[in-house]
Amino acid sequence: MDVYEAVDSRRAVRAFSDEPVSREALERVLAAATRAPSSGNLQPWHVYVVTGEPLAELKRRATARARAGDPGDDREYPMYPAELTSPYLDRFTAAAAQRYSALGIERDDPERPMKIAALNSGAFGAPVVLFCYLDRTMGPGQWGDAGMYLQTVMLLLRAEGLHSCPQVMWTMYRETVNRAVGADDGLVLFCGVAVGFEKEDAPQLRTGRADMTETVSFIGM
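Now for a quick tour of the structure. (Residues numbered from 1 in each chain as written. Predicted model: local features only at pLDDT ≥ 70, side-chain atom pairs only at ≥ 80, totals over all residues. Heavy atoms only, no water.)

1. Re the overall build of the protein chain
Move 1: Counting its regular elements, the protein chain contains eight helices and four strands.
Move 2: Starting at the N terminus and ending at the C terminus, the protein chain contains elements arranged as α-α-β-α-α-α-β-α-β-α-β-α.
Move 3: For the C-alpha atoms alone, the extent of the protein chain along its principal axes is close to 55 × 40 × 35 Å.
Move 4: The buried share of the protein chain, reckoned over its 221 residues, is 42%.
Move 5: Restricting the contact set of the protein chain to residue pairs at least 6 apart, pairs at least 24 apart contribute 86%.
Move 6: For the protein chain, the exposed area adds up to about 12700 Å²; of that, 53% sits on carbon and sulfur atoms.
Move 7: Distance between charge centres in the protein chain, computed from 24 positive and 30 negative side chains, equals 1 Å. (Helix = DSSP H or I, 4+ residues; strand = E, 2+ residues; numbered from the N terminus. Buried < 20%, exposed > 50% of the residue type's maximum accessible area, 1.4 Å probe, protein only. Contact = heavy atoms within 4.5 Å. Areas by Shrake-Rupley, 256 points an atom, 1.4 Å probe, with all protein chains shown as cover. Lys, Arg positive; Asp, Glu negative; His and termini not counted. Charge placed at Lys NZ, Arg CZ, Asp CG, Glu CD.)

Next comes the structure, spelled out in structure tokens:
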């Protein structure tokens, strides 16, 4: 797949089929992703690939917490700044409304938070979830490395005909995830990434993006 095509076709899919994903495809992707940029070549990420019955049990436990209204575990890092301002708040609000309306969850639904959490904890039906951790001794630079690594993974998944959905939401249930994968206290959960084939006839949502001129400045050319 052409790199531009991979970038353009990558999106956060929120409706996966139950078609299994081969270990061989995942190994090709994760082996190639080791070439992702890493400052000082620290390669600070540690990934657990969960599927089959272990994932099904993890989904059941997390979904039970979500449906019970469990607010989640203490946050180890904020998902977003405490006070978002324009234009970031505008982008966030518009994307959230578009995203969950496509899933049939309206903004004024009183059960909206619980429904959103339950959909997320089920990984939108994905048969595989990658859980990315970092060593607690790492700093902001290495968190940036992890982001570049996961973007590389998600683009390589497109080359295999697979889709993905990065889910920071899993950090809300990090203790449940930690027990499932056996992560020790020296690791902090960065996020999960749902992986699979897109469900046929699912709404194909593409959230808008800011025009390049809003975020890019050319100097000296």
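2. Examining the nonpolar core
Move 1: Judged by nonpolar contacts, the single largest core of 26 residues is most densely connected at Tyr-48, Phe-131, Tyr-133, Trp-170, Val-177 and Val-181.
Move 2: Only strand E1 (45-51), helix H3 (52-67), strand E2 (128-135), helix H7 (174-181) and strand E4 (187-196) provide two or more residues apiece to this core.
Move 3: Ranked by residue count, the leading element in this core is H3, at four residues.
Move 4: With residues near it in sequence (within four places) discarded, Val-177 still touches Leu-58, Phe-131, Tyr-133, Trp-170 and Leu-189.
Move 5: Counting 23 residues, the second-largest nonpolar core is a separate cluster that includes Leu-26, Val-29, Leu-162 and Val-195. (Core = buried A, V, L, I, M, F, W, Y, C linked by side-chain atoms within 4.5 Å.)

3. Focus: the state of the cysteines
Move 1: Taken as a whole and judged by the stated rule, the model has zero disulfides.
Move 2: Residue Cys-132 stays outside any disulfide, its sulfur separated by 5.8 Å from that of Cys-191, the closest cysteine.
Move 3: Free cysteine Cys-165: the closest other cysteine sulfur is in Cys-191, separated by 9.9 Å.
Move 4: Residue classification places Cys-165 among the buried positions, given a relative accessible area of 1%. (Disulfide = S-S within 2.5 Å.)

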